[in-house]
Amino acid sequence: MRKVFRAHLAYLLTKTNLLILFFVLLLSFLGFSEAGLALDAEELPRMNNLYFFENSFFLLKLIAAFTSIFTFSHAFSKRSDQYSELFFVRGVSRSGHFFSKIIILSVYVVYFLLLEFALYLVSGSIFLERFSPYARPFIRLYWLSLYYGFLGLAFMQIFKNIYSVILPFILFIAGMIINENEGKFRSFYNLLFPNFLSDKPEFLHGWLHMLMLASLLLFNLWLYLSRDS
Amino acid sequence: MKIIEARNIRKSFRREVVLKDFDFEARKGEFILLVGANGSGKTTFLKGLLGLLRFDSGSLSVRSNKIAYVPERFFFPEFITLESFLKLFLEKMDQEMFREWGLSEARKKEMGKFSKGMRQKALLMQALHADAEVYVFDEPMSGLDEAAKETFLNKLAALKNEGKTVLLSTHNPEHFRMLADRTVGMG
């Protein structure tokens, strides 16, 4: 199985993926800098600290969701996953291949968010007099990114088209808008397509989202086992 | 002894029927050519045989789990050396195998810098140097120069002498006529 993990890594670190990672980090840094430059020097340091986090995190949410959706979908596209054939004929199970790849991609998203967090720390230290970082929302953002990554993967497997990544991203943005207002529809929508509440980076249904995340993972496994190579 | 037996195989993609009532069998040690025009179902049959896709109906029995495979098309990782790539699939390697394929110099080279022919050689190496009982090749000569074709034919002859079962699909059966025990026409 070690060889399978090594293959996943080799196929993940492609020129395209590394270029996308570089530009996404650059875009984030520019966004964080913009958030820092927009601060009012006359404002209380505590408030500036909060504004900086809110503005930076808004951009980061979009970037993290899109990166995760693209990474999961692209990694399981027919072309990028073709090497699985050479492992399947050697007796590696489809479910073993699937889960090992999910592990590698999930770790990749962790690294991505760690880099983003490092950029947030650097930008905060540059632009704020008394910078006090918020770390917990980044952990929640990881789960949210994973959820939309799995959702993107499900759409890609159903439509068999990499361009279907746009659908979960639209659902993600729609969730941000829907969460501006309270009501039954918001509750239902958040169950299927979770997002942070409009006033704080927390989920509406708490741990129920983890159950949905696990269900989505199993649904993806079922799709993967059913599909032809 | 029959090592592969397929009966009444049917496979369609959407409404297009690619394989219909297709029968096939291979005995241990046989060298079989699958020939046919584009779209005749050669690749579909080989993939189904390997468990990479599901037939709609029919029965299939493959009495070996030691199989090596060369797909028709393959996407290679860019930032991995030839040696690291082969290590993913082979238990052991030696200098000789790189030399006979003319890839001694390219052993530590990243595969993103490989030509089409070099990539095809790498793909053949992962299969030909595997410890298998059944070898399945789908259009294996694609992109190979004359020297590499010669090396490949010698390797196939060696497999035949060792009593391995070989299934090979091709548009150009002339290269393999001397080695093949049977030719199966498709389509």
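Preceding this section is the structure that the text describes.
Residues numbered from 1 in each chain as written. Chains lettered and ligands numbered in written order. Predicted model: local features only at pLDDT ≥ 70, side-chain atom pairs only at ≥ 80, totals over all residues. Heavy atoms only, no water.

**Concerning the overall build of chain A**
And then number 1: Counting secondary structure elements, chain A contains nine helices and zero strands.
And then number 2: When the helices and strands of chain A are placed in sequence order, the string is α-α-α-α-α-α-α-α-α.
And then number 3: The globule rule puts the C-alpha radius of gyration for 229 residues at 17 Å, and the 19 Å found for chain A is close to it.
And then number 4: Counting only C-alpha atoms, chain A reaches 65 × 40 × 25 Å along its principal axes.
And then number 5: When the 229 residues of chain A are sorted by exposure, 53% land in the buried category.
And then number 6: For chain A, the share of sequence-separated contacts (at least 6 apart) that also reach a separation of at least 24 residues comes to 73%. (Helix = DSSP H or I, 4+ residues; strand = E, 2+ residues; numbered from the N terminus. Rg over C-alpha atoms; globule rule 2.2 N^0.38 Å. Buried < 20%, exposed > 50% of the residue type's maximum accessible area, 1.4 Å probe, protein only. Contact = heavy atoms within 4.5 Å.)

**Concerning the interface of chain A and chain B**
And then number 1: In this complex, chain A contributes 24 residues to the contact, which on the side of chain B involves 29 residues.
And then number 2: Taken together, the two surfaces of chain A and chain B that pack against each other cover about 2,300 Å², and 56% of this comes from carbon and sulfur.
And then number 3: Ranking the residues of chain A by area buried against chain B places Leu86(A), Val89(A) and Arg90(A) at the top, with a combined share of 27%.
And then number 4: Summed over the shared surface of chain A and chain B, the result is three salt bridges.
And then number 5: Here Lys47(B) and Glu85(A) are joined by a salt bridge, their closest N and O atoms 2.9 Å apart.
And then number 6: For the pair chain A and chain B, the number of links is 13 residue pairs in polar contact (both at pLDDT 80 or more).
And then number 7: Secondary structure elements with two or more residues in the side of chain A that touches chain B: helix 1 (2-12), helix 2 (15-37), helix 4 (84-88) and helix 9 (208-226) of chain A.
And then number 8: With five residues, helix 1 of chain A is the largest single contributor of residues to the side of chain A that touches chain B.
And then number 9: Of the residues that constitute the side of chain A that touches chain B, the class distribution is eleven nonpolar, five polar and eight charged. (Buried area = accessible area lost by both parts, 1.4 Å probe. Salt bridge = Lys/Arg side-chain N within 4 Å of Asp/Glu carboxyl O. Polar contact = N/O pair within 3.5 Å; in protein donor to acceptor, adjacent residues only side chain to side chain. Nonpolar A, V, L, I, M, F, W, Y, C, P; charged D, E, K, R; others polar.)

**A short note on helix 9 of chain A**
All names here are of chain A.
And then number 1: Its 19 residues give helix 9 an end-to-end C-alpha distance of 27 Å, which sits within 8% of 27 Å, the value for a rise of 1.5 Å per residue.
And then number 2: Among the residues of helix 9, His209, Leu213, Leu216, Leu217, Asn220, Leu221, Leu223 and Tyr224 are the ones counted as buried. Across the axial projection of helix 9, the buried residues extend over an arc of 165°, all falling on one side. Seen from the open side of helix 9, the exposed residues pointing more than 90 degrees away from its buried face are Leu211, Leu218 and Trp222.
And then number 3: Elements in contact with the buried residues of helix 9: helix 4, helix 5 (94-127), helix 6 (136-159) and helix 8 (184-192). (Expected span 1.5 Å × (residues − 1). Arc of directions from axis to C-beta.)

**Description of a nonpolar patch on the surface**
All names here are of chain A.
And then number 1: Together, Ile158, Phe159, Ile166, Leu167, Ile170, Phe219 and Trp222 line one region of the surface with nonpolar side chains, adding up to about 680 Å² of accessible area.
And then number 2: Elements supplying a minimum of two residues to the nonpolar patch: helix 6, helix 7 (166-178) and helix 9.
And then number 3: It is helix 7 that provides the largest number of residues to the nonpolar patch, a total of three residues.
And then number 4: Counting through the fold element by element, Ile158 comes out in helix 6.
And then number 5: The class of Ile158 is partly exposed, set by a relative accessible area of 42%. (Patch = residues over 30% accessible without salt bridge, like charges linked within 9 Å, V, L, I, M, F, W, Y side chains within 5 Å. Areas by Shrake-Rupley, 256 points an atom, 1.4 Å probe, with all protein chains shown as cover.)

**Looking at the packing of helix 6 of chain A against helix 9 of chain A**
In helix packing, the relevant descriptors are the interaxial angle and the interaxial distance, both defined with respect to the helix axes.
Residues and elements named next belong to chain A.
And then number 1: Between helix 6 and helix 9, the shortest axis-to-axis distance is 9 Å and the interhelical angle comes to 25°. It follows from the interaxial angle that helix 6 and helix 9 lie roughly parallel. The hand of the helix 6/helix 9 crossing is left-handed. Residues Trp143, Leu146, Tyr147, Phe150, Leu151, Leu153, Ala154, Gln157 and Ile158 of helix 6 pack against Met210, Met212, Leu213, Leu216, Leu217, Phe219, Asn220, Leu223 and Tyr224 of helix 9. (Axes fitted to C-alpha atoms, helices over the stretch in contact; angles between N-to-C directions. Parallel < 35°, antiparallel > 145°, perpendicular 65-115°, else oblique. Left-handed = near helix turned anticlockwise from the far one by under 90°.)

**What about the side chain of His74(A)?**
All names here are of chain A.
And then number 1: Position of His74 among the secondary structure elements: in helix 3 (residues 45-75).
And then number 2: A relative accessible area of 18% means that His74 is categorised as buried.
And then number 3: Setting aside its immediate chain neighbours within four residues, His74 contacts Asn17, Ser80 and Ile162.

**Description of the packing of aromatic side chains**
Residue and element names in this part refer to chain A.
And then number 1: All told, the structure shown has 42 aromatic pairs over all chains when counted by the stated rule.
And then number 2: A centroid spacing of 5.5 Å and a plane angle of 45° characterise the contact between Phe76 and Phe98, whose relative ring orientation is tilted. Pair noted here: Phe76 is in the loop between helix 3 and helix 4 and Phe98 is in helix 5, with a separation of 22 residues, a long-range link.
And then number 3: Phe76 sits in the buried class, given a relative accessible area of 0%.
And then number 4: When its relative accessible area of 0% is taken as the criterion, Phe98 is described as buried. (Phe/Tyr/Trp six-rings, centres within 6.5 Å; stacked < 30°, edge-to-face > 60°.)

**Here we look at the side chain of Thr165(B)**
And then number 1: Within the secondary structure layout, Thr165(B) lies in strand 7 (residues 165-170).
And then number 2: When near neighbours in sequence (up to four residues on either side) are disregarded, Thr165(B) contacts Ile3(B), Ala26(B), Arg27(B), Lys28(B), Gly29(B), Glu30(B), Glu133(B), Val134(B) and Tyr135(B).

**What to know about the sheet that holds strand 6 (residues 134-138) of chain B**
Residue and element names in this part refer to chain B.
And then number 1: As summarised here, the arrangement of the five strands in space is 5-6-7-3-8, forming an open sheet in which the pairing is parallel. Edge strands, defined here as strands with exactly one partner in the open sheet, are strand 5 (67-70) and strand 8 (182-185). Between one strand axis and the next, the sheet turns through 15° on average, direction left out of account.
And then number 2: Seen against the sheet, helix 1 (residues 42-49) touches strand 3 (31-35), strand 5, strand 6 and strand 7 and runs at an angle of roughly 150° to strand 7.
And then number 3: Sitting on the sheet, helix 4 (residues 116-128) touches strand 5 and strand 6, and the angle it makes with strand 5 is about 170°. (Pairing = 2+ DSSP bridges.)

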